[in-house]
Amino acid sequence: MDETGYMKALRDIARIAGEAVGDQASSDGGGAFDADAGCRVMALPDRLQTKAAEVAAKENPTNAPLQELALGDGVLDPLQLTIYTGRYWGPVPKTLTVSFMEATAADLRARIVEHLNAWAKYGGMSFTQTSGTGDVRISRGPGGYWSYLGTDIKLIPANRQTMNLQGFTMSTDEKEYRRVVRHEAGHTLGFPHEHMRQALVNRIDPEKAYEYFKRTQGWPKEMVDQQVLTPLDPTKIIGTEADQDSIMCYQLPGSITKDGKPIRGGLDINPLDASFTATIYPKILRDQGVAGTTTEAAEVPVPRTPTVVDWDPQEDVVLTS
Amino acid sequence: MSRLIDVRPDEDGLPPELVVAVGDVIRVAANGGRIRSGSGVELLGVLSESVVGTDGSVLTPLGAPGAVLLRARSPGRAVVDVITGDPFRAPVTRSVTIRVET
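Each value, and the rule that gives it
- Residues numbered from 1 in each chain as written.
- Chains lettered and ligands numbered in written order.
- Predicted model: local features only at pLDDT ≥ 70, side-chain atom pairs only at ≥ 80, totals over all residues.
- Heavy atoms only, no water.
- Helix = DSSP H or I, 4+ residues; strand = E, 2+ residues; numbered from the N terminus.
- Contact = heavy atoms within 4.5 Å.
- Areas by Shrake-Rupley, 256 points an atom, 1.4 Å probe, with all protein chains shown as cover.
- Buried < 20%, exposed > 50% of the residue type's maximum accessible area, 1.4 Å probe, protein only.
- Arc of directions from axis to C-beta.
- Pairing = 2+ DSSP bridges.
- Axes fitted to C-alpha atoms, helices over the stretch in contact; angles between N-to-C directions.
- Salt bridge = Lys/Arg side-chain N within 4 Å of Asp/Glu carboxyl O.
- pLDDT = per-residue confidence, 0-100.

## Considerations on the overall build of chain A
Helix and strand counts for chain A stand at nine helices and seven strands. Intrachain contacts of chain A at a sequence separation of at least 6 include 74% that bridge at least 24 residues. Total accessible area on chain A stands at roughly 15800 Å², and carbon and sulfur atoms take up 54% of it.

As structure tokens, this is what we get:
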């Protein structure tokens, strides 16, 4: 996704969030008081936007503008800096088609797709089988469990799988479907590994990790660094607090942590996963019948802007620190 | 002529002994591997499978590594551990003796 794409996605999210809370400002002319409008998103006047962003960043560093979204000498409007994922599909609900690389029985196909769609309960992204070549192509062959990240799947040659679920059959335990298939579906939606969050990586003792994975897997230090010790760049992600019970978090043993306590790892989509998904992939447009495919963008309603309120600049509150 | 030998332990099993020739490269579908003992075999690496995307970039999936590459360097005999299964939950270690002939 290029810079223009990021900006459009971020604007769309802001607009959808405004619609979700019933902001009618732009549709009724933008300024007239409407006693029936209910809760509104209220925006500060322009002169205070920069100051507001500075205060927000000071209060919580994750509110800071993302460096990679800087435009030349300028920086994006703070309203557009509330969410970012590098492989994000965008806020308009989409249905990704799914096909299988090997001959796969109908009941097994349906079971796997049902678990992919566990995320659709909370957000606007869903999966559906196709007899053709799917956006998501699943192999059950060797290589373990993996998936490409988010929109990267569109770059994978059509004769290659985008997701690997080695050995999954109808005999596989239902718990494994929840833990593995839903985890890999999360990657397809653009979610990276939760155990790579800085707060969780900080709990790991590198020397213990090197020894452990060398002994159990034969992994060199570089592989351990890549798999468990390199935190995600906090300026490139936005999300919940690091969550060791997320479905996207691996289980790591207490023998490699500094405090001796394991990083538990998630077994299913948990409430934080669900709420974050609902935020970045809002269902509202799907419920309104607006949806897109990965190849055909949905018609996006004209953006609305929050209601701007203003007062005498002499009444502005000056914060000192 | 050197050969690329594809070994898939979970699908095809592992023979107790694998006889190869100097120069052969063995690709094992596994999450990890190590040379337990012996000589003649070099562990080239534990690697993550990647593809060249339609935009020309190299793309790597999120997940554990899935390939172990070994090279038969000289005549000898080595015992190699091959680790499959989820590395973070229930890894399975199996051993194979690789005999390298001239």
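## Notes on helix α7 (residues 221-229) of chain A
Listing the buried residues of α7(A) in full gives A:M223, A:V224, A:Q227, A:V228 and A:L229. Down the axis of α7(A), the buried side of the element spans an arc of 160°, and every buried residue falls inside it.

## A few points about the sheet that holds strand β2 (residues 17-21) of chain B
In space, the four strands of this open sheet follow the order β2-β11-β10-β4 (chain B), with mixed pairing throughout. At either margin of the open sheet sits one strand with a lone partner, and together these are β2 and β4 (32-38) of chain B. The average angle at which neighbouring strand axes cross in this sheet is 30°, direction not considered. Strand contacts of helix α6 (residues 206-217) of chain A: β4 and β10 (76-84) of chain B, with the helix running at about 75° to β4(B), the strand carrying the most contacts.

## Section: the environment of A:I256
Residue and element names in this part refer to chain A. Here I256 shows up in the loop between α7 and α8 (271-280). The exposure class assigned to I256 is buried, which follows from its relative accessible area of 0%. Separated by 52 residues in sequence, I256 and I204 have C-alpha atoms that sit 5.8 Å apart. If near-sequence neighbours (up to four positions away) are discounted, I256 is found in contact with R203, I204, D205, K208, A209, Y212 and F213.

## Notes on the pattern of salt bridges
Residue and element names in this part refer to chain A. A complete count under the given rule lists 23 salt bridges over all chains for this structure. Measuring nitrogen to oxygen at the nearest pair gives 3.8 Å for the salt bridge that ties D268 to R178. With D268 in the loop between α7 and α8 and R178 in helix α4 (residues 174-188), the pair connects residues that are 90 residues apart, well separated along the chain. Note on R178: relative accessible area 30%, which makes it partly exposed. When the shortest N-O distance is used, the salt bridge between D245 and R264 registers 2.7 Å.

## Section: the confidence of the model for chain A
Residue and element names in this part refer to chain A. Summing up the model confidence of chain A, the mean pLDDT is 76 and the portion of residues at 70 or higher is 63%. Segment residues 60-84: pLDDT under 50, and 41 contacts once partners within four positions in sequence are set aside and those in other chains are kept. For residues 295-306, every residue scores under 50 in pLDDT, and the model assigns this stretch 27 contacts once sequence neighbours within four places are set aside.

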